[in-house]
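# Inside the fold
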There are 2 protein chains.
Amino acid sequence: METCRRNVDLNGGIHLPNPHIATMEEDVLYHFALGTKSHDLKKMFGDVKFVCTGGSPKRMQSFAYLLVEELGHQLPAGQTLVNITKATDRYSMFKVGPVLSVSHGMGIPSISIMLHEIIKLLSHAGCQDVTFFRIGTSGGLGLTPGTVVITEQAVDALLKPSMEFAILGKKVTRPADLDRGLTNQLLDCAMADDHFQTVLGKTMCTDDFYEGQARLDGALCDYTEEDKMQFLREIYDKGVRNIEMECICFAAMLNQAGLKGAVVCATLLDRLKGDQVSTPHEIMSEWQQRPQKIVARYIRRQLGISSK
Amino acid sequence: METCRRNVDLNGGIHLPNPHIATMEEDVLYHFALGTKSHDLKKMFGDVKFVCTGGSPKRMQSFAYLLVEELGHQLPAGQTLVNITKATDRYSMFKVGPVLSVSHGMGIPSISIMLHEIIKLLSHAGCQDVTFFRIGTSGGLGLTPGTVVITEQAVDALLKPSMEFAILGKKVTRPADLDRGLTNQLLDCAMADDHFQTVLGKTMCTDDFYEGQARLDGALCDYTEEDKMQFLREIYDKGVRNIEMECICFAAMLNQAGLKGAVVCATLLDRLKGDQVSTPHEIMSEWQQRPQKIVARYIRRQLGISSK
């Protein structure tokens, strides 16, 4: 991919597509409460190879503890994981060996801020060959709830495979392709004896959970159930298998920065059958661990840690 | 205002512009972990008259404690405030008498979910005559940092005074006007002996903190400092005094639901002089309390509580 070659040097280091950063005396990563003068980012983060991100701060903490187990990570006696960004409440961030587990909040603007700052952080830290994963939740289309969808193409709410950014008062369109090789390797991490299905599909990214996703149960709604079903069936026919609120920004920003990433989401309900998310907490909690397990397997394989 | 008359009954109750809600047996407010069957919303929230919202969960907790003082709210011995939505980590919510203090996260999608669910909550609870406030942070334009801006008109990143929603695969434009009377009453709550300025201005709402706000310090940037300054001066000349990431959705959704609200933000820096937010924490913390004080004064006046 041309973008990749342009922004990543021969050693796999991250070259920011922003010439201004190199001229700055200090870079304050405001929403992480970290900075190049206040923190030794190279020492703290220099070994990072994987960035895993999802909406909820607590879920990303649980994922960090899952990684401790899955990677056989040894925490010294009397030590535990700590939220690296605890000086702020905008995001949470945990580190387990070469893996960062970071929350991104809900929606494109929130993940956009996180990605700007994490990409700068990795660049300041001199990280090389970093792979990104969004591990999220979504509404499924025509799938048994709890099914995992690996995104083969992110599309926006109008079904376009690109993202429109508003920059200096003008709209700028950027491609939002994801790395096919990585997507296929992840699919290969699904196992025959998993008690859930993992499938490839298009993922629609919207700016709203209610009207934006054709729900009938928001505070505002001026369309009928027939309108809703017609829209959902239409996007199903075009290959959309789940709907969430971040993937197109994740794909477009990584593309622009020459980095590779994948989107792996659990589906919490079948939108062809309803709108409300009302499955008991314990069951949804187990569903949310499924994409985590797939990504943890991938990381284990990359690190040469044998499966358990 | 026509919309108001349509959606609010003679008693000031909230009529949801969504006929489907009345037909639902149960309504799960998923992102609050509250519901019409699991909770007695009327008992919990029936007396709410003011909803105050801002990005950070901790800031909305601090605001709740400020209200305890400002409203002379008596907490029984051995009791303290508790986060009502503590079963989820998507938002935080505190209640002090007739005031709800709720976080909304960062960006339009995040505040949109919160507003859908809070408007439904208030309607289920039978609340009447509710006023909304966004109490936030922003980047200022041509103002001393720490200045408070009350939004007289929300505009989007292309300077339009309306919001584009994507609904069922089509773009729908909705007005984003704020209540002039409320805005002026709030301005009247600024006092001559405040050690900060409070001004009226247009507020620009963007979907990104870096490129979306013409910053040079994001991970991505392909414009020059001259391009940036030209854009910021142009929007300043058109009346924009601060830039944030939620106001246009706040205004458009309240408009559509026939509810009134105001946006009051502290400015954390002057964007005509820089991009980085690097003021010491203690100073910014005091700045962030300024809009809270203005809104607390307004609420005190409405409740007939004499000033201290």
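Residues numbered from 1 in each chain as written. Chains lettered and ligands numbered in written order. Predicted model: local features only at pLDDT ≥ 70, side-chain atom pairs only at ≥ 80, totals over all residues. Heavy atoms only, no water.

## Considering the overall build of chain A
Of regular secondary structure, chain A possesses eight helices and 12 strands. Relative to the 2.2 N^0.38 estimate, which gives 19 Å for 308 residues, the radius of gyration of chain A is 19 Å and therefore close to what a compact globule would have. Its C-alpha atoms put chain A at 55 × 50 × 35 Å along the principal axes. For chain A, the proportion of its 308 residues judged to be buried stands at 61%. Accessible area of chain A: about 11900 Å², with a carbon and sulfur share of 50%. Positive and negative side-chain charges in chain A, numbering 33 and 36 respectively, have mean positions lying 4 Å apart. (Helix = DSSP H or I, 4+ residues; strand = E, 2+ residues; numbered from the N terminus. Rg over C-alpha atoms; globule rule 2.2 N^0.38 Å. Buried < 20%, exposed > 50% of the residue type's maximum accessible area, 1.4 Å probe, protein only. Areas by Shrake-Rupley, 256 points an atom, 1.4 Å probe, with all protein chains shown as cover. Lys, Arg positive; Asp, Glu negative; His and termini not counted. Charge placed at Lys NZ, Arg CZ, Asp CG, Glu CD.)

## With respect to the packing of aromatic side chains
Residue and element names in this part refer to chain B. With the rule as written, the count across this model stands at six aromatic pairs over all chains. Ring plane angle 65 degrees and centroid distance 5.4 Å describe the contact between F133 and Y298, whose orientation is recorded as edge-to-face. Residue F133 is found in strand β6 (residues 131-140), and its partner Y298 is found in helix α8 (residues 281-303); the two are separated by 165 residues along the sequence. Like Y298, F133 is buried. (Phe/Tyr/Trp six-rings, centres within 6.5 Å; stacked < 30°, edge-to-face > 60°.)

## Observations concerning the UniProt feature "binding site: substrate" (unreviewed entry) in chain A
Residues and elements named next belong to chain A. In the numbering used here, UniProt assigns the feature "binding site: substrate" (unreviewed entry) to Q213 and R215. Its place among the elements puts Q213 in the loop between β10 (198-205) and α6 (225-237). Apart from the residues within four sequence positions on either side, Q213 is in contact with T206, D208, L232, I243, E244, M245 and R271. With respect to the secondary-structure elements, R215 resides in the loop between β10 and α6. (UniProt positions renumbered as here; feature names shortened; annotations may be inferred. Contact = heavy atoms within 4.5 Å.)

## Description of the pairing of strand β3 (residues 50-54) of chain B
Residues and elements named next belong to chain B. For β3, a buried count of five out of five residues is recorded, marking the element as mostly surrounded by other parts of the structure. Residues of β3 alternate between two faces, with F50, C52 and G54 on one and V51 and T53 on the opposite face, all of them buried. Two strands pair when backbone bridges link them, and β3 and β6 are joined in this way by four bridges, in the parallel orientation. Paired with F50 across the strands is T131, a residue of β6. (Pairing = 2+ DSSP bridges.)

## What about the relation of the copies chain A and chain B?
Rotating chain A by 180 degrees and translating it 0.0 Å along the rotation axis places it on chain B, where the RMSD comes to 0.0 Å. Both chain copies can therefore be described as sitting about a two-fold axis. Of all interface residues in chain A, 100% are interface residues in chain B too; the two copies therefore contact each other through one and the same surface. (Least-squares fit on C-alpha atoms with pLDDT ≥ 70 in both.)

## Structural notes on the pattern of salt bridges
Residue and element names in this part refer to chain B. This structure, assessed with the given rule, holds 32 salt bridges over all chains. A salt bridge links D156 to K160; the nearest nitrogen and oxygen atoms lie 3.8 Å apart. Taking relative accessible area as the criterion, D156 reaches 13% and is therefore assigned buried. Given a relative accessible area of 30%, K160 falls into the partly exposed group. (Salt bridge = Lys/Arg side-chain N within 4 Å of Asp/Glu carboxyl O.)

## Considering the interface of chain A and chain B
Counting residues at the interface gives 74 residues for chain A and 74 residues for chain B. Across the interface of chain A and chain B, roughly 6000 Å² is buried in total on both sides, 59% from carbon and sulfur atoms. Our enumeration of links across chain A and chain B arrives at two salt bridges. For the interface between chain A and chain B, the tally reads 24 residue pairs in polar contact (both at pLDDT 80 or more). For the side of chain A that touches chain B, the elements supplying multiple residues, two or more each, are α3 (57-70), α4 (108-124), β8 (162-167), β9 (170-175), α6, α7 (247-257) and α8 (281-302) of chain A. The residue makeup of the side of chain A that touches chain B, split by class, is 34 nonpolar, 19 polar and 21 charged. (Buried area = accessible area lost by both parts, 1.4 Å probe. Polar contact = N/O pair within 3.5 Å; in protein donor to acceptor, adjacent residues only side chain to side chain. Nonpolar A, V, L, I, M, F, W, Y, C, P; charged D, E, K, R; others polar.)

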